[in-house]
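Here are the chains, one letter per residue:
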Amino acid sequence: MEKLVIEGGKPLHGEVKISGAKNAALPLIAAALLAPGVHVLHNVPDLRDTRTILRLLESLGLTWERLGATLRIDGSGLKYSEASYDLVKTMRASILVLGPLLARLGRAKVSLPGGCAIGARPINFHLMGFEQLGVQCELEHGYVDAHIDGRMHGGTVCFDIPSVTGTENLLMAASLARGTTNIKNAAREPEIGNLVDMLIAMGADIEGKDSDRLTVHGVEKLTAAESTIIPDRIEAGTYAIAAGAAGGDAVIQNCEPSHLPSLLEKLQLAGIGVDVGDTFFRVTAPKGVNTIRPVDVTTMPYPGYPTDLQAQFMALMACSNGVSVIHETIFENRFMHVAELQRMGAHIQVDGRIAMVKGAGANALTGAQVMATDLRASSSLVIAGLAAQGRTDISRIYHLERGYEDMVEKLTGLGATVWKEEE
Ligand code: EPZ
């Protein structure tokens, strides 16, 4: 296994180009199951997770080819409806094939994703929604066995909690149902709007994009279309926070600043300069040692502060000059990075879903050997390593490679001293 080595304590300077969003690429790749013909997707990041879902589509009978950041996926060959445990256990988002398989074949047997480091990750909202559309779902031997005789019918789906992939699964299923489906308390993340645009380009009839109330008028069939993945707002936010924590002046390019309303506000409250353009924003950390101000954060569904940027912000707050409170309201166990940050000198106290961070200034952290536990926790350790005095070795970086394309090259382009080594 490989580890990432960072010689920290150096400010970041320069530009970083943001890749396509992992959490848009996954549902849009899954949507290729909905129609025969060649779907073209532009700006697709080449990540461990996108390679996983493409392997899953292959196992269902589809073929694909990658030409740089463009994917061509042929949905014609679909002939199987079972997603095996081996593939699904490595990536929860594999559950996104359920809706398209039910829409196209009327049946789907998908391994339950199981939990992961950040929580139990149930899929009850997905299954409840499919049952509203007439699907029968049985859970046995660790699999969801779902089927319907004929086409799904429209219905009303109301989510207790706005589920991102739950909304995406129901959108894809309802697009080919007979009649109209109303999705209430839908998630509003920009990645869902990206999927709505692709489905409409394929011939779907959907109203309410970017709102918490989606109306889908089912159509008889969909056709392959050409789409572009939106920029990865979580990758952009990760590099912006890194520039704040390590100090310096960085331009985050090829992104959508409007997709990060809460983070940009929190960075400014922390005393970090943020200048926003159309497709970029510039982050300038304040000069001097103790100038990052403490800021409280509560994670919320979009457009609130993203849970996927919580761990990263905690690393920044460890370098602030006061006490901040971080409240994780989305997942029950998303503080796996705390123990590792503490080994680097961070002063953090956790009580349930609340972490109190006692910042000790820009020199608070020292390099150490740490271990990545999940995707965003590992990016938090990278940020801490960039800010820390001395060398940090981060093991199990396959977690990082699930969601960050070319991170070593991008950080090196910002002036960081970072490389990979065999563990
Ligand atoms: C998506 O996961 C993202 N993944 C996650 O990003 C992100 O953290 C999460 O949304 C929240 O924004 C992808 O888009 C591929 P949810 P998802 O359903 O859809 C509970 C990353 O780092 N819930 O919105 O799985 C659930 O336990 C990943 O890129 C149920 O109880 O999350 C959680 O507490 C991590 N039953 C809350 O709802 C369900 O059926 C929100 O989960 C579904 C969800």
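Sequence order as written defines the numbering, with residues in each chain counted from 1. Only residues with pLDDT of at least 70 get local features here, since the model is predicted, and only at 80 or more are side-chain atom pairs given and counted; chain-wide, interface and lining totals rely on the full set of residues. In computing side-chain properties, one takes all heavy atoms of the structure into account and sets aside hydrogens as well as water.

**A closer look at the packing of helix 5 (residues 124-132) against helix 6 (residues 164-175)**
Keep this limit in mind: To get an axis, fit a line to the C-alpha atoms, keeping to the stretch in contact for a helix; angles then go from 0 to 180 degrees between the N-to-C directions. Starting at the N terminus, helices and strands are each numbered in turn, a helix being any DSSP run of H or I of at least four residues and a strand any DSSP run of E of at least two. Oblique is the label for every angle not falling under 35 degrees (roughly parallel), over 145 degrees (roughly antiparallel), or within 65 to 115 degrees (roughly perpendicular). We call a crossing left-handed when the near helix sits turned anticlockwise from the far one by less than a right angle, and right-handed when that turn is clockwise. Only heavy atoms matter for contacts: two residues are in contact if any of them lie within 4.5 Å across the pair.
Direction vectors running N to C along helix 5 and helix 6 enclose 20°, while the axes themselves pass 9 Å from each other. Put simply, helix 5 runs roughly parallel to helix 6. You can see that helix 5 and helix 6 cross each other, and the crossing is right-handed. Every residue of helix 6 that contacts helix 5 at His 126, Gly 129 and Phe 130 is listed here: Thr 165, Gly 166, Asn 169, Leu 170 and Ala 173.

**Let's talk about the sheet that holds strand 1 (residues 2-8)**
Selection criterion: Pairing between strands is defined by DSSP: at least two bridges between them are needed.
Read from one edge of the open sheet, 4 strands run 22-23-1-24, paired in mixed fashion. Looking at the sheet topology across the chains shown, the edges are occupied by strand 22 (369-371) and strand 24 (417-422). Sheet twist, expressed as the average angle between the axes of neighbouring strands with direction ignored, equals 25°. One ladder, built from 5 bridges, connects strand 1 with strand 23 (residues 390-395); its direction is antiparallel.

**Details of the pairing of strand 15 (residues 248-253)**
Formally: Summary of the burial criterion: residues with accessible area below 20% of their type's maximum are buried, those above 50% are exposed, and those between are partly exposed, where the area comes from a 1.4 Å probe applied to protein chains only.
In terms of residue burial, strand 15 counts as a mostly covered element, since 5 of its 6 residues are buried. Alignment of strand 2 (residues 12-17) against strand 15, held across 6 bridges, turns out to be parallel. Within strand 15, the residue paired with Lys 17 across the bridge is Gln 253. With 5 bridges joining them, strand 15 and strand 17 (residues 280-284) adopt antiparallel strand pairing. Looking at strand 17, one finds that Gln 253 is bridged to Phe 280.

**Overview of the nonpolar core**
In plain terms, the rule: For the purposes of this section, nonpolar cores are sets of buried Ala, Val, Leu, Ile, Met, Phe, Trp, Tyr and Cys residues that join through side-chain atoms within 4.5 Å.
Judged by nonpolar contacts, the single largest core of 75 residues is most densely connected at Ile 29, Leu 171 and Leu 199. Examining the composition of this core, we find that 6 residues originate from one element, helix 1 (residues 22-30), more than from any other. Residues within four places of Leu 171 in sequence aside, it is in contact with Ile 183, Ile 192, Leu 195, Val 196, Leu 199, Ile 206, Leu 214 and Val 216. Core analysis: the next-biggest nonpolar cluster, separate from the first, contains 70 residues, Ala 270, Val 274, Val 297 and Met 314 among them.

**With respect to the packing of aromatic side chains**
Keep this limit in mind: Note on aromatic pairs: the rings of Phe, Tyr and Trp (six-membered ring only in Trp) are paired at centre separations within 6.5 Å, and the planes decide the class, stacked below 30 degrees, edge-to-face beyond 60, tilted for the rest. Comment: the charge-over-ring label is applied if NZ (Lys) or CZ (Arg) is within 6 Å of the ring centre and within 35 degrees of the ring normal.
One pass over the structure, following the stated rule, counts 2 aromatic pairs. Between Tyr 305 and Phe 313, the ring centres sit 5.7 Å apart and the planes meet at 65°, which makes this aromatic pair edge-to-face. Lying across the ring of Tyr 143, Lys 109 places its NZ or CZ 5.4 Å from the centre.

**Notes on the site of the ligand**
What counts is decided by this rule: Summary of the distance rule: residues count as near a molecule or strand when at least one heavy atom falls within 4 Å of that molecule or strand. Polar contacts, as counted here, are pairs of nitrogen or oxygen atoms within 3.5 Å of one another; within protein the pair requires one atom able to donate a hydrogen and one able to accept it, and residues that are adjacent in sequence qualify only if both atoms are side-chain atoms. Surface accessibility follows the Shrake-Rupley procedure with a 1.4 Å probe radius. Residue values consider only the protein chains on display as shielding.
For the ligand, the set of nearby residues contains 23 residues, the closest of which are Arg 92, Ser 163, Thr 165, Asp 308 and Ile 330. The separation between a nitrogen atom of the ligand and a polar side-chain atom of Asn 124 is 2.7 Å. Residue Phe 125 places a main-chain N or O atom 2.7 Å away from an oxygen atom belonging to the ligand. Burial of the ligand by the protein chains amounts to 90% of its free accessible area of 830 Å². Listed by contribution, the elements that provide at least two residues to the shell around the ligand are helix 1, helix 5, helix 6 and helix 12 (375-387).

**Looking at unusual backbone geometry**
The linkage connecting Tyr 302 with the following residue, Pro 303, adopts the cis geometry, with an omega of 10°. Note on placement: Pro 303 falls in the loop between strand 18 (297-298) and helix 10 (310-317). Even without glycine at this site, Asp 210 takes up a positive phi of about 70°. Tracing the backbone shows Asp 210 in the loop between strand 12 (205-207) and strand 13 (213-217). A residue is classified by how much of its surface remains accessible, and Asp 210, at 42% relative accessible area, is partly exposed. You will see that Asn 254, though not glycine, has its phi angle at about 55°, which is positive. Judged by its relative accessible area of 41%, Asn 254 is partly exposed.

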